Amino acid sequence: MSSVSLTAVLGDITAQHVDAVVNAANNAMRGGGGVDGAIHRVGGPAILQDCIARFPDGLATGDAGWTTAGDLPAKWVVHTVGPNWNAGQRDRSLLESCYRRALEVADELGARSIAFPLISAGVYGWPRDDAIAAAVDTILSTPTRVADARIVAFDETVHRHVQEALDARR
Ligand code: AR6
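As the structure is a prediction and not an experimental result, all values here were calculated from the model.

Undergrad: Residues and numbers for helix α3 (residues 92-109), please.
TA: With 18 residues, α3 should cover 26 Å at 1.5 Å per step; its first-to-last C-alpha distance of 26 Å lies within 8% of that length. Leu 95, Ser 97, Cys 98, Tyr 99, Ala 102, Leu 103, Val 105, Ala 106, Asp 107 and Leu 109 are the residues of α3 that are buried. Residues of α3 that are buried in the fold lie against β2 (20-25), β3 (64-68), β4 (76-81), β5 (113-116) and α4 (128-141). Backbone geometry just after α3 places Gly 110 at a positive phi near 80 degrees.

As structure tokens, this is what we get:
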């Protein structure tokens, strides 16, 4: 087990003062809606430039990779691509892989704090409670040097369910 402290935060992921912010990206890695749209909008064009330079062929589902965080308070964006439930991608191990790979990339960078969105739970349609369980269980069971991990929810109901899932594991 890791010694990471995992907390639930209500707010906007782009406002988090952490070393690394995780983006719920897509295979093309050229921006999009939801968290991806917000990160590129607030972080500015440096993020897209770095995506093009570092990911000419995009990123595979379940994998993660980093770019600059541009104008965000964070140092890095760790991009990961969740499975698209709405398109029939329902292999839970791909969703778990997003959290595991993001923590591995954070370790490579030396990040000590990280903010995750609820990957695949928006545009990609993964059922909320299972998306929360996958996030909490995978973050808590992945060995990492990250000390502070947060699951940031925009929405009060989602935030409450994340908090309940964390309380149930204490
Ligand atoms: N801060 C925190 N949480 C947010 C924010 C925000 N600023 N914005 C949305 N959420 P989504 P996905 C929540 O759709 O399902 C994009 O077009 C949202 O309510 O961002 O993995 C990409 O380019 C939901 O609970 O990610 C891909 O094409 C969660 O974050 C696709 O969407 C994730 O929602 C990825 O879809």
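Undergrad: Tell me about the sheet that holds β5, and please be specific about residues and values.
TA: Picture the strands of a sheet paired through backbone hydrogen bonds; they go either parallel or antiparallel. If you walk across this open sheet you meet the 6 strands as β1-β6-β5-β2-β4-β3, and the pairing is mixed. Only two strands of the sheet have a single partner each, and these edge strands are β1 (5-10) and β3. Each strand of the sheet is rotated relative to its neighbour by a mean of 25 degrees, with strand direction disregarded. Strands in contact with helix α1 (residues 34-43) are β2 and β4; relative to β2, the strand with the most contacts, it is inclined by about 130 degrees.

Undergrad: So, the site of the ligand: which residues are in play, and what are the values?
TA: Not every one of the 22 residues close to the ligand is listed here, only the nearest: Gly 33, Val 35, Asp 36, Gly 122 and Val 123. Here an oxygen atom of the ligand and a backbone polar atom of Ser 120 are 2.8 Å apart. A distance of 3.4 Å separates an oxygen atom of the ligand from a polar atom in the backbone of Ala 121. Its free accessible area being 710 Å², the ligand has 88% of it covered by the protein chains. Among the secondary structure elements, those contributing two or more residues to the shell around the ligand are β2 and α1. For the shell around the ligand, the element with the most residues is α1, which contributes 4 residues. Taken together, the residues of the shell around the ligand break down into 12 nonpolar, 8 polar and 2 charged.

Undergrad: Could you give me a rundown of the packing of α1 against helix α2 (residues 45-54), with the residues and numbers involved?
TA: For any two helices packed against each other, one specifies the crossing angle of their axes together with the interaxial distance. α2 packs onto α1 with a crossing angle of 115 degrees between their chain directions and a minimal axis gap of 6 Å. By the angle between their directions, the pair α1 and α2 is classed as roughly perpendicular. Counted together, Ile 39, His 40 and Gly 43 of α1 and Pro 45, Ile 47, Leu 48 and Cys 51 of α2 form the full contact between these two elements.

Scoring rules and cut-offs
- Residues numbered from 1 in each chain as written.
- Predicted model: local features only at pLDDT ≥ 70, side-chain atom pairs only at ≥ 80, totals over all residues.
- Heavy atoms only, no water.
- Helix = DSSP H or I, 4+ residues; strand = E, 2+ residues; numbered from the N terminus.
- Expected span 1.5 Å × (residues − 1).
- Buried < 20%, exposed > 50% of the residue type's maximum accessible area, 1.4 Å probe, protein only.
- Contact = heavy atoms within 4.5 Å.
- Pairing = 2+ DSSP bridges.
- Axes fitted to C-alpha atoms, helices over the stretch in contact; angles between N-to-C directions.
- Near = heavy atom within 4 Å.
- Polar contact = N/O pair within 3.5 Å; in protein donor to acceptor, adjacent residues only side chain to side chain.
- Areas by Shrake-Rupley, 256 points an atom, 1.4 Å probe, with all protein chains shown as cover.
- Nonpolar A, V, L, I, M, F, W, Y, C, P; charged D, E, K, R; others polar.
- Parallel < 35°, antiparallel > 145°, perpendicular 65-115°, else oblique.

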